[in-house]
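# Overview (structure and organization)
Single-letter residue listing:
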Amino acid sequence: MDKDKRHTKRMKSKKSVIDANIKKADKEKGLLLVLTGNGKGKSSSAFGMVARALGHGMKVGVCQFIKSRTDTGEEAFFNKHENCDWHVLGDGFTWDTQDRTQDIATSEKGWAVAQNMLSDSSYDLVVLDELTYLLSYKYLEESQVLADIKSRSPMQHVVVTGRGATSELIGNADTVSEIADVKHAYRDGIQAQKGIDL
Ligand code: ATP
Ligand code: MG
């Protein structure tokens, strides 16, 4: 009984602290989120936010850099949605193309698509999937990319995914998560599984 009372008291005081913090966070703005790190879950987290935004009737644009496959479950699902524009803008992985000049040309063409979304205030959420590689390989001018992101409309949200986010990108972001690689089935010889990895 005593234990129950103590619990109720503790929860009451906890609730007042949480409520006060919620009240303090009263601002609204378009956010820049960065999902980085070596663990699995960066792109799938971004696509989770795509689902949330579409559920609210928001308009979403997705740019997939690096990857060239168009047979993923996420594309099949979201591309059908009238409020979602999905662009696969990659040529494959750098170790597949093995051609830096081609990678740069592909990146610049892809970035032009992203620029159009960033300068179009009708997009409420823009996902720039695997963008970090284009910055770390210097396929794109980072200062230009950051300037384009910064000058987007004030209420537009942007999610950037990919390993090895640069410190400049992190510095510009509002929310940054680094996903750690604790374990991955791939190292046990298990191939990418439909519904989980693609
Ligand atoms: P996901 O799209 O599953 O959320 P991700 O965006 O975090 O993954 P990427 O680096 O984009 O990770 O890799 C995409 C693919 O590589 C997915 O099939 C994913 O399962 C796999 N993968 C991610 N992290 C690892 C890892 N640490 N080791 C091996 N494979 C990985
Ligand atoms: Mg990814």
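In what follows, the structure referred to is the one given above.
Residues numbered from 1 in each chain as written. Chains lettered and ligands numbered in written order. Predicted model: local features only at pLDDT ≥ 70, side-chain atom pairs only at ≥ 80, totals over all residues. Heavy atoms only, no water.

## A few points about the overall build of the protein
Each helix and strand counted, the protein has 8 helices and 6 strands in total. Scanning the protein from its N terminus toward the C terminus, one meets helices and strands in the order α-β-α-β-α-β-α-α-β-α-α-β-α-β. With the principal axes as the frame, the protein shows a C-alpha extent of 70 × 45 × 35 Å. A sequence separation of at least 24 residues applies to 77% of the contacts in the protein between residues at least 6 apart. Summed over all atoms, the accessible surface of the protein reaches about 12,400 Å², with 52% contributed by carbon and sulfur. (Helix = DSSP H or I, 4+ residues; strand = E, 2+ residues; numbered from the N terminus. Contact = heavy atoms within 4.5 Å. Areas by Shrake-Rupley, 256 points an atom, 1.4 Å probe, with all protein chains shown as cover.)

## As for the site of ligand 1
Around ligand 1, the structure places 16 residues, and the nearest of them are Lys40, Gly41, Lys42, Ser44 and Asp197. Lys42 is positioned such that a nitrogen or oxygen atom in its backbone is 2.7 Å from an oxygen atom of ligand 1. Taken by itself ligand 1 offers 570 Å² of open surface, and the protein chains cover 84% of this. Among the elements that line the shell around ligand 1, the one with the most residues is helix α2 (residues 42–55), at 3 residues. Partitioning the shell around ligand 1 into residue classes produces 2 nonpolar, 6 polar and 8 charged. (Near = heavy atom within 4 Å. Polar contact = N/O pair within 3.5 Å; in protein donor to acceptor, adjacent residues only side chain to side chain. Nonpolar A, V, L, I, M, F, W, Y, C, P; charged D, E, K, R; others polar.)

## Comments concerning the packing of helix α5 (residues 100–118) against helix α7 (residues 142–150)
Axis separation between α5 and α7 bottoms out at 9 Å; the angle between their running directions is 25°. Judged on the interaxial angle alone, α7 and α5 are roughly parallel. Note on packing geometry: the crossing formed by α5 with α7 is left-handed. Contacts between α5 and α7 involve Trp111, Gln115 and Leu118 from the former and Gln144, Val145, Asp148 and Ile149 from the latter. The residue inventory of the contact of α5 with α7, partitioned by class, reads 4 nonpolar, 2 polar and 1 charged. (Axes fitted to C-alpha atoms, helices over the stretch in contact; angles between N-to-C directions. Parallel < 35°, antiparallel > 145°, perpendicular 65-115°, else oblique. Left-handed = near helix turned anticlockwise from the far one by under 90°.)

## Points about the coordination of the magnesium ion (ligand 2)
Only Ser43 (OG) and Glu130 (OE) from the protein coordinate the magnesium ion (ligand 2), and they sit 2.0 Å from it. You can see Ser43 sitting in helix α2 and its partner Glu130 sitting in the loop between β4 (125–129) and α6 (131–136), a full 87 residues away along the chain. Of the two residues examined, Ser43 and Glu130, each falls in the buried class. (Donors = N, O, S within 2.8 Å, 3.2 Å for Na, K, Ca; no water. Buried < 20%, exposed > 50% of the residue type's maximum accessible area, 1.4 Å probe, protein only.)

## Notes on unusual backbone geometry
Its identity is not glycine, yet Glu130 carries a phi of approximately 65°, on the positive side. Phi is positive for Lys138, close to 60°, though the residue is something other than glycine. Following the sequence through the fold, Lys138 ends up in the loop between α6 and α7. In this structure Lys138 comes out as exposed when scored by relative accessible area, which is 63%.

## Observations regarding the pattern of salt bridges
Opposite charge on two side chains permits pairing when their charged atoms draw close. Inspection of every chain in the model, using the stated rule, returns 3 salt bridges. Measuring nitrogen to oxygen at the nearest pair gives 2.7 Å for the salt bridge that ties Asp174 to Lys29. Of this pair, Asp174 sits in the loop between α8 (167–172) and β6 (175–178) while Lys29 sits in the loop between α1 (2–24) and β1 (32–36); the two residues are 145 residues apart in sequence, bridging distant segments of the chain. We classify Asp174 as partly exposed; its relative accessible area is 36%. Among the salt bridges present, the one from Lys40 reaches Asp197, with a minimum N-O distance of 3.8 Å. Of the two residues, Lys40 sits in the loop between β1 and α2 while Asp197 sits in the segment after β6, which places them 157 residues apart along the sequence. Judged by relative accessible area, which is 42%, Lys40 ranks as partly exposed. For Asp197, a relative accessible area of 34% corresponds to the partly exposed category. (Salt bridge = Lys/Arg side-chain N within 4 Å of Asp/Glu carboxyl O.)

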